[in-house]
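The lines below spell out each chain.
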Amino acid sequence: MSVGASMLNREFIPFNRPEIGMDELNEVAEVLRSGWLTTGERTKRFEVELCGYTGARFGQAVNSCTAGLHLALAALNIGPGDEVITTPLTFCATVNVILHQGATPVLADIGDDFNISPAAIRERITPRTRAIIPVHFAGLPCRMTEIWEIARERGLAVVEDAAHAIGTHYRGHHIGDAAVSRSDAVAYSFYATKNLTTGEGGMVTTNREDLYERMRRMTLHGISRDAWNRYAENGSWYYEVVEPGFKYNLSDLQSAIGLVQLKKIEAMTARRAELAGLYDRLLGGRDDLMTPPDEEFGRHCWHLYVLRINPAALSISRDEFIKELHSRGIGTSVHFIPIPLHPFFKAWAGLEENQCPRAMSLYRQIISLPLYPGMSEEQVRRVAREVIDIADQSRCRESINVPELEEHRRAMASAT
Ligand SMILES: *Cc1c(COP(=O)(O)O)cnc(C)c1O
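For every chain, the first residue of its written sequence is number 1, and the numbers climb from 1 along that sequence. In view of the model being predicted, local features appear only for residues whose pLDDT reaches at least 70, and side-chain atom pairs are presented and counted only at 80 or more, with totals across whole chains, interfaces and linings using the full set of residues. Neither water nor hydrogens contribute to the side-chain values; these are computed over all heavy atoms in the structure.

Participant: Please explain the site of the ligand as it appears in this structure.
Facilitator: If a single non-hydrogen atom of a residue is within 4 Å of a molecule or strand, that residue counts as near it. Inspection of the region around the ligand gives 15 residues, with Thr66, Asp161, His164, Ser189 and Lys194 positioned closest. Per-residue accessibility takes into account occlusion by the displayed protein chains alone, with areas from the Shrake-Rupley method and a 1.4 Å probe. Protein contacts shield 92% of the accessible area of the ligand, which totals 380 Å² for the unbound molecule. Put simply, Ala, Val, Leu, Ile, Met, Phe, Trp, Tyr, Cys and Pro go in the nonpolar bin, Asp, Glu, Lys and Arg in the charged bin, and everything else, Gly too, in the polar bin. Residue composition of the shell around the ligand, grouped by class: six nonpolar, seven polar and two charged.

Participant: Explanation requested: the domain arrangement of the protein in the structure shown.
Facilitator: Domain ranges listed in this record stem from an automatic or a database domain assignment. When the domains of the protein are assigned, the result is domain 1 (22-261) and domain 2 (265-415). A separation of 28 Å is found between the C-alpha centroids of domain 1 and domain 2. Note on definitions: a residue-residue contact is assigned when non-hydrogen atoms from the two residues lie within 4.5 Å. Each side of the interface is counted separately: domain 1 has 42 residues, and domain 2 has 39 residues. Taken together, the two surfaces of domain 1 and domain 2 that pack against each other cover about 3600 Å², and 65% of this comes from carbon and sulfur. Reported buried area values correspond to the accessible surface (1.4 Å probe) lost by two parts on association, with both partners' losses combined. Looking only at domain 1, the three residues that lose the most surface to domain 2 are Asp112, Phe114 and Asn195, adding up to 18% of its buried area. Salt bridges are counted wherever a side-chain nitrogen of Lys or Arg sits within 4 Å of a carboxyl oxygen of Asp or Glu. Connecting domain 1 to domain 2 are three salt bridges. Linking Glu352 and Arg124 is a salt bridge whose minimum nitrogen-to-oxygen distance equals 3.5 Å. We define a polar contact as two N or O atoms separated by no more than 3.5 Å, with the added condition that, inside protein, one atom must be a possible hydrogen donor and the other a possible acceptor, whereas residues neighbouring each other in sequence contribute only through side-chain atom pairs. On inspection of domain 1 and its partner domain 2, the count reaches 20 residue pairs in polar contact (both at pLDDT 80 or more). Those elements that provide at least two residues to the side of domain 1 that touches domain 2 are helix H4 (92-100), strand E3 (104-107) and strand E6 (169-170). Here the residues of the side of domain 1 that touches domain 2 are counted per class, giving 21 nonpolar, 14 polar and seven charged. Per the convention used, a helix needs a DSSP run of H or I reaching at least four residues, while a strand needs a run of E reaching at least two, with both numbered from the N terminus.

Participant: So what exactly am I meant to see when it comes to the packing of helix H3 (residues 65-75) against helix H7 (residues 209-219) here?
Facilitator: At a closest axis distance of 9 Å, the pairing of H3 and H7 adopts a crossing angle of 120 degrees. As far as their axial angle goes, H7 and H3 are oblique. The hand of the H3/H7 crossing is right-handed. Facing H3, whose interface residues are Leu71, Ala72, Ala74 and Ala75, H7 presents Leu211, Arg214, Met215, Met218 and Thr219. Taken together, the residues of the contact of H3 with H7 break down into seven nonpolar, one polar and one charged. Only the stretch in contact is used when fitting a helix axis, every axis being a line fitted to C-alpha atoms; angles between N-to-C directions are given from 0 to 180 degrees. The labels follow the angle: roughly parallel below 35 degrees, roughly antiparallel above 145, roughly perpendicular from 65 to 115, and oblique for the rest. For any pair of crossing helices, the crossing counts as left-handed if the nearer helix is rotated counterclockwise from the farther one by less than a right angle, and right-handed if it is rotated clockwise.

Participant: What should I look at first to understand the sheet that holds strand E13 (residues 366-369) in this one?
Facilitator: In any sheet, the strands associate via hydrogen bonds between backbone groups, in a parallel or an antiparallel arrangement. Within the open sheet, the three strands sit side by side as E10-E12-E13. Their pairing is antiparallel. Taken across any chain shown, the strands that pair with only one partner, and hence form the sheet edges, are strand E10 (289-290) and E13. By the bridge criterion, four bridges tie strand E12 (residues 305-309) to E13 in an arrangement that is antiparallel. Paired with Leu307 across the two strands is Ile367, which belongs to E13. In this fold helix H10 (residues 318-327) packs onto E10, E12 and E13, with an angle of close to 25 degrees to the strand it touches most, E13. One bridge is not enough; two strands pair if DSSP finds at least two bridges between them.

Participant: Sorry, what's going on with the nonpolar core here?
Facilitator: For soluble globular proteins, the rule of thumb is that nonpolar side chains tend to be buried together. Counting 36 residues, the largest nonpolar core has Phe46, Leu50, Ile121, Ile147 and Tyr188 as the members making the most contacts within it. Elements supplying a minimum of two residues to this core: helix H2 (41-54), helix H5 (118-124), helix H6 (144-154), strand E8 (185-189) and helix H9 (252-283). A total of five residues in this core trace back to one element, the largest contributor, which is H6. Two domains each donate at least three residues to this core, and these are domain 1 (22-261) and domain 2 (265-415). Those residues within four positions of Tyr188 in sequence are excluded, and the remaining contacts are Leu50, Thr54, Cys65, Ala162, Ala163, Ala165, Ile166, Ile175, Gly201, Gly202, Met203 and Thr205. Residue types Ala, Val, Leu, Ile, Met, Phe, Trp, Tyr and Cys, when buried and joined through side-chain atoms within 4.5 Å, form a set referred to as a nonpolar core. The cut-offs for exposure are 20% and 50% of the maximum accessible area for each residue type, with area from a 1.4 Å probe on protein chains only; residues under the lower value are buried, those over the upper are exposed, and the others partly exposed. Membership of the second largest hydrophobic core comes to 28 residues, among which are Leu275, Leu369, Val380 and Ile390.

Participant: Looking at this model, I keep getting lost on unusual backbone geometry. Mind explaining?
Facilitator: Most peptide bonds are trans, and most residues other than glycine sit at a negative phi. With an omega of 0 degrees, the peptide bond running from His335 to Phe336 counts as cis. You can see Phe336 is positioned in the loop between H10 and helix H11 (343-346). Even without a glycine there, the phi angle at Phe114 is positive, about 70 degrees.

Participant: Even after reading the chapter, I still don't get the packing of aromatic side chains, so can you show me in this structure?
Facilitator: Each aromatic ring pair is characterised by the separation of its centres together with the angle its planes make. Between rings of Phe, Tyr and Trp, where Trp is taken as its six-membered ring, a pair exists when centres lie within 6.5 Å; planes separated by under 30 degrees are stacked, by over 60 edge-to-face, and by other angles tilted. Under the counting rule described, the total for this entry stands at twelve aromatic pairs. A centroid spacing of 6.3 Å and a plane angle of 45 degrees characterise the contact between Phe91 and Phe336, whose relative ring orientation is tilted. With Phe91 in the loop between strand E2 (83-86) and H4 and Phe336 in the loop between H10 and H11, this pair connects stretches of sequence that are 245 residues apart. For Phe91, a relative accessible area of 48% corresponds to the partly exposed category. On the numbers, 5.5 Å between centres and 75 degrees between planes, the contact of Tyr170 with Phe297 is edge-to-face. A residue pair is termed long-range when its members are at least 10 positions apart, and Tyr170 in strand E6 and Phe297 in the loop between E10 and strand E11 (298-299) qualify at 127 residues. By the burial criterion, Tyr170 is buried, and Phe297 matches it. Joined through ring pairs, the aromatic side chains of Phe91, Phe114, Phe137 and Phe336 make up one cluster. A cation over an aromatic ring shows up here: Arg318 above the ring of Tyr363, its NZ or CZ 4.6 Å from the ring centre. Should the NZ of a Lys or the CZ of an Arg lie within 6 Å of a ring centre and within 35 degrees of the ring normal, that charge is described as sitting over the ring.

Participant: Help me understand the packing of H9 against helix H13 (residues 377-393), please; the structure alone is not making it clear to me.
Facilitator: For any two helices packed against each other, the geometry comes down to the angle between their axes and how far apart the axes lie. Where H9 meets H13, the closest approach of the two axes is 10 Å, and the angle between their N-to-C directions is 30 degrees. By the criterion of interaxial angle, the relationship of H9 to H13 is roughly parallel. For H9 against H13, the interelement crossing comes out right-handed. Together, Arg271, Glu274, Leu275, Leu278, Tyr279, Leu282 and Leu283 of H9 and Glu377, Val380, Arg381, Val383, Ala384, Val387 and Ile388 of H13 make up the contact between the two elements. For the contact of H9 with H13, a count of residues per class yields ten nonpolar, no polar and four charged.

Participant: I tried to follow the pairing of E3 on my own but got confused; where do I start?
Facilitator: The side chains of a regular strand alternate, first on one face of the sheet and then on the other. Bridge analysis of E2 against E3 gives four bridges, and the strand direction is parallel. Bridging across to E3, Val84 finds its partner in Pro105. Whether a crossover is right-handed comes down to one check: with the strands pointing away from the viewer, does the path from the first strand over the helix to the second run clockwise; if it does, it is right-handed. Assessed by its sense of winding, the connection that carries the chain from E2 through H4 to E3 is right-handed.

Set out below in structure tokens:
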């Protein structure tokens, strides 16, 4: 394939770049000067301010979203013999935490929105099902009303994997907002590539005081705060371990970054939405490409811009498309390799490929394009130009008829 003039004189556009400025640098320096590096006053403030932002009652800062998900399952006493339903289109962490608890992960296929389908959840429920972990894929909210309804009917816990979803609204409220949320816990990721970053980090929020107390204790070795408070008042060094907890706490160094990022999150989200809208306008209206789903009932926080290619209209595969973009100086990624394709998960009952044909087929069509607040419109235009140029150069001659894509288009058109 000819690369033409577009190759010349171009800097590489990375897939992701964190939005870090002088304020983050200064705040971290301040923590380093203060003499208190681990969990302390700044982490407490980060918890309070994040809850102020989302509307959740309680926030427990943790060192990753994975830790937050694990804590929630552990605090809910999910264990051996229990089944937990989640999506095949997620990062391995969502499934690993279920296995860490000795429970059995079960996959329910995705819908047109790339999120877990409530109908598929219903099909996968057994007497052993204890919890559902919906993932707000790319930052688009799941159909929570239906998921909460299923959970209520069947007495299941709901733990939201909100790794992509800081800033996501569902029916006018932030994910996890105590005013409307019926979930047990919501876990956010502040990993380097996420919309709000602390380098590594996370937060698990809940509106249940009992769950909060348990998660808080399990975050730091299972040390009882009661004992701590009882003795600390007299300046005592004494503490008591009341269960085998974990070492999941977030440091003040990280929370200092998080506090600054939280101040910028609305502006960063707005910028993402602007750039995603520009991609939509530049890439829309073609039969060989499909722009990502959006929903009326929520606010997408645009963690990812997942372009879908129509393999029947193109003579090259998704992998070749990615390679071609890379050779033209565009970094991309794929979210995600479906759970059943990983060797370890393959053999697991409940994680069979044939339980998620939609995710398996979507996987071969998706490319996550660069999207971050620091991108210029010119960079977005350049990515879109290269995408279109590659598509134009590799179009199939034959006419195109992919029923699944047609169906998807109709669904998207009727939804708006
Ligand atoms: C990033 C991610 C996680 C894990 O987040 P960490 O903070 O790295 O533990 C979990 N689930 C999904 C969907 C993610 O994208």
